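Coordinate analysis (summary)
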Amino acid sequence: MKFSKATNYALHTMLTLIAASPAKPVGVQQLAEVQGVSPTYLSKILTKLVKAGMIESVSGANGGYRLSRKKDDISFLDIIHAIEGTASLFECDFNHGAECLIQAVMVQAEEKMEQHLKQTKLSDLADKVSVSLG
């Protein structure tokens, strides 16, 4: 299984925002420079995070992005769902229906992974990172 690069950037961006000063918005250019990604590409990711209600966009000369929820309320799973959606990772292509044994094992594994990602908050990592925003 592999998550998209967008999810990777979203997780790192959210960690940066959580570790940064909560009152001061961080510009897309700064966030992009931290990760070495284009601001245009990162803007598309930030739009999904705004739509998911995790961050908000602040207009103006000192504008940018900041958290719109408490940092302790944002899980890895929240961010992954905002970028990847909520579709199952595995879909059985055969017409076995609910009794497909392979599907049952895969669903159980996915549920365990999702539970772990739901319980793990990015704020748990925030004190372990140093954020330097130009």
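To keep things clear, this report deals only with the structure shown in the data block. (Residues numbered from 1 in each chain as written. Predicted model: local features only at pLDDT ≥ 70, side-chain atom pairs only at ≥ 80, totals over all residues. Heavy atoms only, no water.)

**Topic: the overall build of the chain**
Where we set the bar: Only DSSP runs of H or I reaching four residues or more are called helices, and only runs of E reaching two or more are called strands; each is numbered from the N terminus. Working definition: with a 1.4 Å probe on protein chains only, accessible area under 20% of the residue-type maximum means buried, over 50% means exposed, and in between means partly exposed. Pairs of residues are marked as contacts when any of their non-hydrogen atoms sit within 4.5 Å. Under the convention used here, a 1.4 Å probe and the Shrake-Rupley method define accessible areas, while residue burial counts only the protein chains that appear. This count recognises Lys and Arg as positive and Asp and Glu as negative, with His and chain-terminal groups excluded. Here the site of a charge means atom NZ of a Lys, CZ of an Arg, CG of an Asp or CD of a Glu.
A count of helical and extended segments in the chain gives 6 helices and 2 strands. In sequence order, the secondary structure elements of the chain are arranged as α-α-α-β-β-α-α-α. The principal-axis extents of the C-alpha atoms in the chain amount to approximately 60 × 30 × 25 Å. For the chain, the proportion of its 134 residues judged to be buried stands at 33%. Residue pairs in contact within the chain that sit at least 24 positions apart in sequence constitute 64% of those at least 6 positions apart. For the chain, the exposed surface amounts to about 8,500 Å²; the carbon and sulfur share of it is 53%. In the chain, which carries 14 positive and 14 negative side-chain charges, the distance between the mean positions of the two groups comes to 8 Å.

**Remarks on helix 5 (residues 101-119)**
Filter applied, for reference: Here a helix's expected span is defined as the number of its residues, less one, multiplied by 1.5 Å. Along the arc lie the directions from the helix axis toward the C-beta atoms.
The first and last C-alpha atoms of helix 5 sit 28 Å apart over 19 residues, in line with the 27 Å expected at 1.5 Å per residue. Here helix 5 has its buried residues at Gln103, Glu110 and Leu117. Down the axis of helix 5, the sector holding all buried residues measures 55°, keeping them to one side. Along helix 5, the residues that are exposed and aim more than 90 degrees away from the buried face are Leu101, Val105, Glu111, Lys112, His116 and Gln119. Considering only its buried residues, helix 5 is in contact with helix 4 (76-84).

**Things to note about the packing of aromatic side chains**
Under the convention used in this document: Think of it this way: a Phe, Tyr or Trp ring, Trp meaning its six-membered ring, pairs with another when their centres are within 6.5 Å, and the plane angle makes it stacked under 30 degrees, edge-to-face over 60, tilted otherwise.
One pass over the structure, following the stated rule, counts 1 aromatic pair. For the pair Tyr9 and Tyr41, a centre-to-centre distance of 5.7 Å together with 85° between the ring planes defines the contact as edge-to-face. Taken as a pair, Tyr9 in helix 1 (residues 5-19) and Tyr41 in helix 3 (residues 39-51) lie far apart in primary sequence, 32 residues in all. Residue Tyr41 is classed as partly exposed on the basis of its relative accessible area of 32%.

**Some remarks on the pattern of salt bridges**
Our working rule: Throughout this description, the term salt bridge denotes a Lys or Arg side-chain nitrogen within 4 Å of a carboxyl oxygen of Asp or Glu.
Under the counting rule described, the total for this entry stands at 2 salt bridges. The shortest N-O distance in the salt bridge between Arg69 and Asp78 comes to 3.0 Å.

**What about the pairing of strand 2 (residues 64-67)?**
Test applied: Whether two strands pair depends on DSSP finding at least two bridges between them.
In the sheet, strand 1 (residues 55-58) pairs with strand 2 via 4 bridges, with the strands oriented antiparallel. Bridging from a neighbouring strand, Val58 pairs with Gly64 of strand 2. In sequence, strand 1 turns back onto strand 2 through a hairpin of 5 residues, with Gly60 there showing a positive phi of about 110°.

All quantities given are derived from atomic positions and should not be read as evidence of function.
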